[in-house]
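The primary structure of each chain is shown beneath.
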Amino acid sequence: PPLSRLLSLADMEAVARRVLSHKALSYYSSASDDQITYFENARAFSRFFFHPRIMRPVSKCDPSTTILGYKSSIPVFISGAALAKLGHPDGEVNLTKGAGTTGIIQMVSSNASLSYEEIMAATNPQQPLFFQLYKHSDDAIAEQRVREVERLGYKSIWLTVDAIVPGNREKDIKSPWILEDIERGTTVYEGSLEAVGGDGNVFGTAGALIANDDRDMTWEKTIPWLRSVTKLPIVIKGIQCIEDAVLAAEAGVDGILISNHGGRQLDFSLPPMEVLYKIRQQRPDLFDSLEVYIDGGVGRGTDVIKALCLGARAVGIGRPFLYAQSAYGAPGVVRIVEILQREIVTAMRLLGVKSVKDLGPEMVERVDWLPR
Ligand code: FNR
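Residues numbered from 1 in each chain as written. Predicted model: local features only at pLDDT ≥ 70, side-chain atom pairs only at ≥ 80, totals over all residues.

How should the nonpolar core be read in this particular structure?
If you look at soluble globular proteins, the nonpolar side chains tend to sit buried side by side. The biggest cluster of nonpolar side chains holds 106 residues, and the ones touching the most others in it are Ile 256, Leu 276, Ala 312 and Val 315. Here the element with the most residues in this core is helix H15 (residues 330–351); it accounts for 11 residues. Sequence-distant contacts of Ala 312, that is, excluding residues within four places in its chain, are made with Leu 276, Val 292, Tyr 293, Ile 294 and Ala 307. (Core = buried A, V, L, I, M, F, W, Y, C linked by C-beta atoms within 7 Å. Buried ≥ 20, exposed ≤ 12 C-beta atoms within 10 Å, placed from the backbone. Helix = DSSP H or I, 4+ residues; strand = E, 2+ residues; numbered from the N terminus. Contact = placed C-beta atoms within 7 Å.)

Help me out: how do you make sense of unusual backbone geometry in this one?
A negative phi angle is the norm for most residues apart from glycine, just as the trans form is the norm for most peptide bonds. Phi is positive for His 261, which is not a glycine, with a value near 65°. Within the fold, His 261 resides in the loop between strand S9 (255–258) and helix H11 (272–282). Note on His 261: 27 C-beta atoms within 10 Å, which makes it buried.

What's the story with the site of the ligand in this structure? I'm lost.
Residues in contact with the ligand amount to 25 residues; listed here are only the nearest, Ser 79, Ala 81, Gly 262, Gly 318 and Arg 319. Taken together, the elements giving at least two residues each to the shell around the ligand come down to helix H2 (22–29) and helix H14 (319–328). Its residues placed into classes, the shell around the ligand shows seven nonpolar, 14 polar and four charged. (Near = placed C-beta within 6 Å. Nonpolar A, V, L, I, M, F, W, Y, C, P; charged D, E, K, R; others polar.)

I keep staring at the confidence of the model for the chain and nothing clicks. Help me out?
The predicted coordinates should not be examined in detail at positions where pLDDT is low. Here the chain averages 92 in pLDDT, while 92% of its residues score no lower than 70. Both confidence scores are given for the complex: pTM 0.93, ipTM 0.99. (pLDDT = per-residue confidence, 0-100.)

What follows is the structure in structure tokens.
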């Protein structure tokens, strides 16, 4: 269908499901074990209801914000996801162009299917890129990667900490595929990945991609190491409970992304929206010491606004952008941002706010039931 007929992120997913190859859909859509966290990530937003205020002027309504000081047209960024080429020959560059056109920020995955340089080359002059870091177990190799992206002009490092081993993603493991010409031009593995993975285990695509990553990261060792090799702002991606949010603040990082990897790692990790709610209730001071973001299951503008009410600076979105670039290339990415922008502005106006700064915890309420 023409892009103008797509009205929601769910519409985009429905189209992508019809056009993606079996292996791409298996990799993109998979989540761990019984996928409880995957589904609850999205459903958790349904427990939060608004307190809309009326009789407030909203004809001028501005949904823009800044993320680590960089302007973003809406409080949404593209969460780093591997292997965009599985879904579309232009791969990550579709996301770069779509983000550049609409003024949002792309976080580029360590496991992007194009080189970090090729992706940077697709930006427009004002367009910042963030970098998602999978830390290699060898500090020297990891340092090289960080220095490379800093030299290329990436603006921040998002250290992923929730994927020291891959989650059990059965849909992905079952899908035979050829990882050829995908990992930056080199053939990494051919055939069914069922056999890949150490210790006699079966890890699927993710297992092949993160096989050499550091499983022994600590606050004491890893954060000072990263600070010593880069001046860029550091965000910890994959905080899943309040205790680790506190430790991140104590470690002095610039931000945390509350995330369970879109339900692809530990099944029964709490939905990020619930973790955010707990932090808001128990440690509201944390929002003053670092920027807080969430990702996982965001599908509507109202989801974005709910997270912002509780103190999130912005929210990340993974799969919907992958689906959009797969089905329509860069224009699909632009369409996703247009849909979100319209939904966000509508929600803000109906809530009675004209700037994201005016959103606050008094505007949402958590109920203990789920709507049908
Ligand atoms: C991911 N994610 C991810 N995270 C990361 O830090 N490095 C990576 O390389 C990847 N790769 C990846 C591939 C695919 C196919 C998916 C779906 C996800 C996780 C991603 O950054 C983000 O946390 C989730 O996608 C957010 O959940 P939603 O928006 O997909 O529900």
